[in-house]
Amino acid sequence: MTNAFISGTGSYVPPRVVTNADLAKDYGIDTTHEWIVQRTGIEERRFSEPGVMTSDLALEASKQALEAAGLVPTDLDMILFATLSPDMCFPGTAVFLQRKLGLCEGETPKFVGAMDIRNQCSGFLYGLGTATSMVKSGACKHVLVVGAETHSAAIDMTTRGRTVSTLFGDGAGAFVVSATDEDRGIRSWHVGADGRFAEKLCMRVWDIAKRPYVDLDEEGNGKVPPEMLWPHMDGKVVFRHAIERMCGALLQACWANGVELKDVDLFCFHQANKRINEYVANTMGIPPEKVLSNIERYGNTTAATIPLLVAEAERTGRLERGMKVAMVAFGSGFTWGSALVDW
Ligand code: UT7
């Protein structure tokens, strides 16, 4: 039987560190380091410079993942790109990554499929599940799954937007999912959604029911009011549902494989708020030392959090061959997902 395993991981964060103190000092946001650390666990995040695009961050993570897998871009059969901060409204960012990987050039271009996934914080696990099925079905041998975000360009960096803007950061992570005959790899994946809460964490920008979809001034330039322009979140509702759904998705992953929670070696939870992950761990009786965390350094990088976390754990030796790894995410939509992997 063909299994799907993670043959390479990669991550990239832009070099510029923005501390909590910098948010107050440089941007004039009425916040404090103490408030942000106490409510979220975040100490700093990375912001990329103007001119850098989401596909640029993804490219660095992808190159690392390909190298780790011992592959070159032309070995890929498909690219799946999860992001909520795409390079453009359309086309999707996967085609820009495909081009930047050099797949459209040279003597033997390879015009592999390139698809975007729009599931926010859960997008990477939706992508990982899709890649797993593509590989197990025999349709693809190697699939690149990327999660990358440039939040710094599209958050309200004023006191008005502080509930959202103090949480998010830029970054990218990538996995190569490959076929193997060995008894290992991605054992199961589950995803879910509850559209009743779609507006609880959203960024509207336009209203497609209007003609045209944004208001125009006398010169024909588009005008977008702040409540449409920036992301909006009902933090408490999101928080509550995140705990409930993440616990459920984790149990689903274990039940599907006949595995008990104590058999799992590492838990890779989405990094939205350290308190959410502590609640999940406490509720499920998971020892803190089995729960990976990097929210302190990167904040919430939405689709990028899980591959970033896993890639760093592999590089630092925390994640080793033979370990049982659970990945769980929750985010806007609401959407959620889980995967259980024998590394
Ligand atoms: O990745 C997608 C999923 N996202 C999440 O899972 C996020 C879920 N939600 C959360 O993490 C939390 O709800 C937040 C961190 C967003 C907010 O924490 P909270 O404990 O729910 O705070 P709150 O929104 O109820 O705000 C409490 C107070 C308010 O002031 P008043 O009305 O009590 O005077 C806020 O205006 O804290 C104020 N506040 C801030 N103060 C300083 C909100 N944001 C900030 C800030 N700095 N950054």
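Presented here is an overview of the structure given in this document. Predicted model, so just to flag it, every value in this text is computed and none were measured.

What to know about the nonpolar core
Next up, step 1: Counting 42 residues, the largest nonpolar core has Leu250, Phe267, Phe269, Val280 and Ile286 as the members making the most contacts within it.
Next up, step 2: Looking at this core, the elements with two or more residues in it are α8 (235-257), β13 (266-269), α9 (274-284), β14 (324-331) and β15 (335-342).
Next up, step 3: Among the elements that make up this core, the one with the highest residue count is α8 (11 residues).
Next up, step 4: When we break this core down by domain, the ones giving at least three residues each are domain 1 (3-183) and domain 2 (186-199 + 231-342).
Next up, step 5: Excluding residues that lie within four positions of it along the chain, Phe267 makes contacts with Leu250, Leu261, Ile286, Lys290, Val291, Leu292 and Ala326.
Next up, step 6: Core analysis: the second largest hydrophobic core is formed by 35 residues, Ile6, Val145, Leu319 and Ala339 among them.

Comments concerning the pairing of strand β1 (residues 3-12)
Next up, step 1: Burial analysis of β1 places nine of its 10 residues in the buried class, which makes it a mostly covered element.
Next up, step 2: With nine bridges joining them, β1 and strand β7 (residues 171-180) adopt antiparallel strand pairing. Its bridge partner lying in β7, Phe5 is registered against Ser178.

Digging into the site of the ligand
Next up, step 1: Contacts to the ligand come from 22 residues, most closely from Thr31, Arg39, Lys236, Asn273 and Asn300.
Next up, step 2: In the model, a nitrogen atom of the ligand is placed 3.0 Å from a nitrogen or oxygen of the Gly235 main chain.
Next up, step 3: The separation between an oxygen atom of the ligand and a polar side-chain atom of Asn273 is 2.7 Å.
Next up, step 4: Contact with the protein chains hides 75% of the accessible area of the ligand, taken as 950 Å² for the molecule alone.
Next up, step 5: If you list the elements that add at least two residues to the shell around the ligand, you get α2 (33-40), α6 (162-165), α8 and α9.
Next up, step 6: With four residues, the single largest contributor to the shell around the ligand is α8.
Next up, step 7: Counted by class, the shell around the ligand contains nine nonpolar, eight polar and five charged residues.

Analysis parameters
Numbering of residues starts from 1 in every chain and runs along the sequence as written. Per-residue local features of the predicted model are confined to residues with pLDDT of at least 70, and side-chain atom pairs are confined, for both listing and counting, to 80 or more; whole-chain, interface and lining totals are unaffected and use all residues. Working from all heavy atoms in the structure, the side-chain values ignore hydrogens and water. To define a nonpolar core, start from buried Ala, Val, Leu, Ile, Met, Phe, Trp, Tyr and Cys residues and group those joined through side-chain atoms within 4.5 Å. Exposed residues in this analysis have more than 50% of their type's maximum accessible area, buried residues have under 20%, and partly exposed residues fall in between, with area computed by a 1.4 Å probe over protein chains only. Numbering of helices and strands runs from the N terminus; a helix is a DSSP stretch of H or I covering at least four residues, while a strand is a stretch of E covering at least two. The source of the domain bounds is an automatic or database domain assignment. Throughout, a residue-residue contact means that at least one pair of heavy atoms, one from each residue, lies within 4.5 Å. Any two strands between which DSSP finds at least two bridges are classified as paired. Residue proximity to a molecule or strand is established when one non-hydrogen atom of the residue lies within 4 Å of it. Counting of polar contacts relies on pairs of N or O atoms within 3.5 Å, with two restrictions inside protein: one atom must be capable of donating a hydrogen and the other of accepting it, and residues adjacent in sequence are counted only when both atoms are side-chain atoms. In these tables, accessible area is a Shrake-Rupley quantity obtained with a 1.4 Å probe, and a residue counts as shielded only by the protein chains included in the view. Ten residue types, Ala, Val, Leu, Ile, Met, Phe, Trp, Tyr, Cys and Pro, are classed as nonpolar, four, Asp, Glu, Lys and Arg, as charged, and the remainder, Gly among them, as polar.

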